[in-house]
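An overview of the molecular structure
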There are 2 protein chains.
Amino acid sequence: MKLNRVLIYGMGLMGGSLSLAIRELDPKAEIIAVVRSEKSKESIQKKKLADLVYTLAETKNVNWNGYDFVVFSTPVASLLEIIPSLPKSGETIFIDLGSTKQTIIDAVDLHFGDKEHNYISTHPICGSEQAGPEASIPNLYQDKLCILTKPKRGSEKTLELVKQFWENIGSWTINMDAKSHDETLAYVSHLPHVVSTILVNVAGNNKTTMEQVSSIAKPITGGGFRDMSRIAGSNAEMWTSIFKENQYFLQNSIDEFIKQLTEFRNLLDGNSELDDSKIHSIWDLALKQKETIQKTK
Amino acid sequence: MKLNRVLIYGMGLMGGSLSLAIRELDPKAEIIAVVRSEKSKESIQKKKLADLVYTLAETKNVNWNGYDFVVFSTPVASLLEIIPSLPKSGETIFIDLGSTKQTIIDAVDLHFGDKEHNYISTHPICGSEQAGPEASIPNLYQDKLCILTKPKRGSEKTLELVKQFWENIGSWTINMDAKSHDETLAYVSHLPHVVSTILVNVAGNNKTTMEQVSSIAKPITGGGFRDMSRIAGSNAEMWTSIFKENQYFLQNSIDEFIKQLTEFRNLLDGNSELDDSKIHSIWDLALKQKETIQKTK
């Protein structure tokens, strides 16, 4: 893939880190950034994350075909407004870093119709509680998964180039259709964020717990609560946008969670002859599935 | 507190680590262990975690008053069977490391009646996914919280000695009545373990997720899922015992969790005009409460 002129449209932690990774790959790449706020522009200039940086206000009509490679690193909702304005011809390769895929793929398919094109949707899995370009690091994508989703008429050759690009910066890749992506991510990413957040609010809502918490200077929680709450409440704006795009699968995953939790709850009937074997089988299943999902065995 | 002769009744990770900590505190302490299995006995002998070690089968009537300090590190259910046989006079100080308190305190209060005694219930918060005496480490209790629960007629002087003991091995202490302990721990420890386990099983039950998982050699999950599933399915026997002792508060905490999760779920009505402000306020609350609970601000 040619990287002579690269446009990173939206530059927070992910766009900024991608810029650093591209520079390591090709030190001659000219990187142009477009951002929403003056504050971001200043951070990017200070950290030298791009050769040129413009705010949206300074950007009227982008000449998309003036770039070899355009990376959209904006919230999905903004991206959906841009897609209908993309050129239907030219050599520019377009990718996005969107956390959900179906609405993006639908918009791309609709816009390009039957015409073959160079837009490939991608999703590098490398969340962080940190945000903003100032948190950028060159190895954010090292040894991480990047999911590739090809629109109906996206070129196979472009898919291959985009795959190579991600592998060149140290990620490993997998192809997934939009539905499989959004459904899988609901279970392994979106639901965990919801559950972590609710868990903190449930503890926070218990009077006794909060009285005990406030009675000493040190935390009363151990490693379990600390790990389970690490992602709670992080990045409200980003997550609201993700939930909006993935309501159907997230709702399904929540319904299944409530179902299984209710079944567990109903084992606790106040009887000291509680059915050990049922709890053991829930626990054993989790241990086995955790190993399968995380590939630790 | 005198530590010339110490009995650690039940020696897994916690009892074994306590033995190592006591040896650092008082190298002359003679430590005797009682364990259930031959396998534990061998591990303890191999790691030299006690001067003498007996299996339950080799132990008939324990002469409790022959020790300065007796530490019960057995499941609560076994402890409840031992308490009625404890001597009602003598200088021996008794503690346990039980994860729930109400049933223990009730049994102690019932056994000793109006007689002042030297039994103090304690709960060091230092969980680990590891178990068994072979995992013992001398600094398990360093910089950890130990909760102290005094039975009705437990001696104030003994409470002070027990408090000093824990602080001498590096823990910080807090006094909590049994009800506050069990209720608080339901929210900051027991519920998180349930939620982590169910979360893994919900992902494991989704066909699409498991198809994607099995399609590549690397994990498709990021740090969020990894942290949220760390404690899933661990130590089934111990947790079943804890749930049994704390059914009432655990059930309350699950009910509140389901309530808040259902409220969140109902915000997702398939409408792209999803109420951002409600999600933001749930997220902001979690962020604030997380800081309060973990004392990070």
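All of the points below concern the structure found in this document. Values in this document were obtained by computation on a predicted structure and should not be read as measured data.

Moving on to the relation of the copies chain B and chain A. Mapping chain B onto chain A leaves a residual RMSD of 0.0 Å; the transformation is a rotation of 180 degrees accompanied by 0.0 Å of translation along its axis. Each copy turns onto its partner about a two-fold axis. A share of 100% of interface residues in chain B that are also interface residues in chain A marks the association as one of identical surfaces.

Among the nonpolar cores identified, the biggest contains 90 residues, and Phe257 and Phe264 of chain A together with Phe257 and Phe264 of chain B are the most heavily contacted of them. Ignoring any residue separated from it by four or fewer positions in sequence, one finds phenylalanine 257 of chain B in contact with Val195, Ile198, Leu199, Val202, Phe257 and Leu261 of chain A together with Leu191 and Val195 of chain B.

This part is about helix H2 (residues 38-46) of chain A. Residues and elements named next belong to chain A. Those residues of H2 lying buried are Ser40, Lys41, Ser43 and Ile44. Buried residues of H2, seen end-on, are gathered within an arc of 165 degrees and therefore sit on one face of the element. Every exposed residue of H2 that faces more than 90 degrees away from the buried side is listed here: Lys39, Glu42 and Lys46. Buried positions along H2 lie against strand E2 (30-35) and strand E3 (52-55). One or two residues past the end of H2 sits lysine 48, with phi positive at roughly 50 degrees.

Turning our eyes to something else, we now look at the sheet that holds strand E2 (residues 30-35) of chain B. Residues and elements named next belong to chain B. Here eight strands make up an open sheet; going across it, the order is E3-E2-E1-E4-E5-E6-E7-E8 and the pairing mixed. Pairing within the sheet leaves two strands with one partner each, and these edge strands are strand E3 (52-55) and strand E8 (172-175). Averaged over all pairs of adjacent strands, the angle between strand axes in this sheet comes to 20 degrees, irrespective of strand direction. With four bridges joining them, strand E4 (residues 69-72) and strand E5 (residues 93-96) adopt parallel strand pairing. Bridge pairing in E5 links valine 70 to phenylalanine 94. In the packing of helix H4 (residues 102-112) onto the sheet, contacts are made with E5, strand E6 (119-125) and strand E7 (145-149), and the angle to E6 comes to roughly 170 degrees.

Here is what the cut-offs are and how they apply
Residues numbered from 1 in each chain as written. Chains lettered and ligands numbered in written order. Predicted model: local features only at pLDDT ≥ 70, side-chain atom pairs only at ≥ 80, totals over all residues. Heavy atoms only, no water. Least-squares fit on C-alpha atoms with pLDDT ≥ 70 in both. Contact = heavy atoms within 4.5 Å. Core = buried A, V, L, I, M, F, W, Y, C linked by side-chain atoms within 4.5 Å. Buried < 20%, exposed > 50% of the residue type's maximum accessible area, 1.4 Å probe, protein only. Helix = DSSP H or I, 4+ residues; strand = E, 2+ residues; numbered from the N terminus. Arc of directions from axis to C-beta. Pairing = 2+ DSSP bridges. Axes fitted to C-alpha atoms, helices over the stretch in contact; angles between N-to-C directions.

All we've got here are geometric facts, nothing functional implied.
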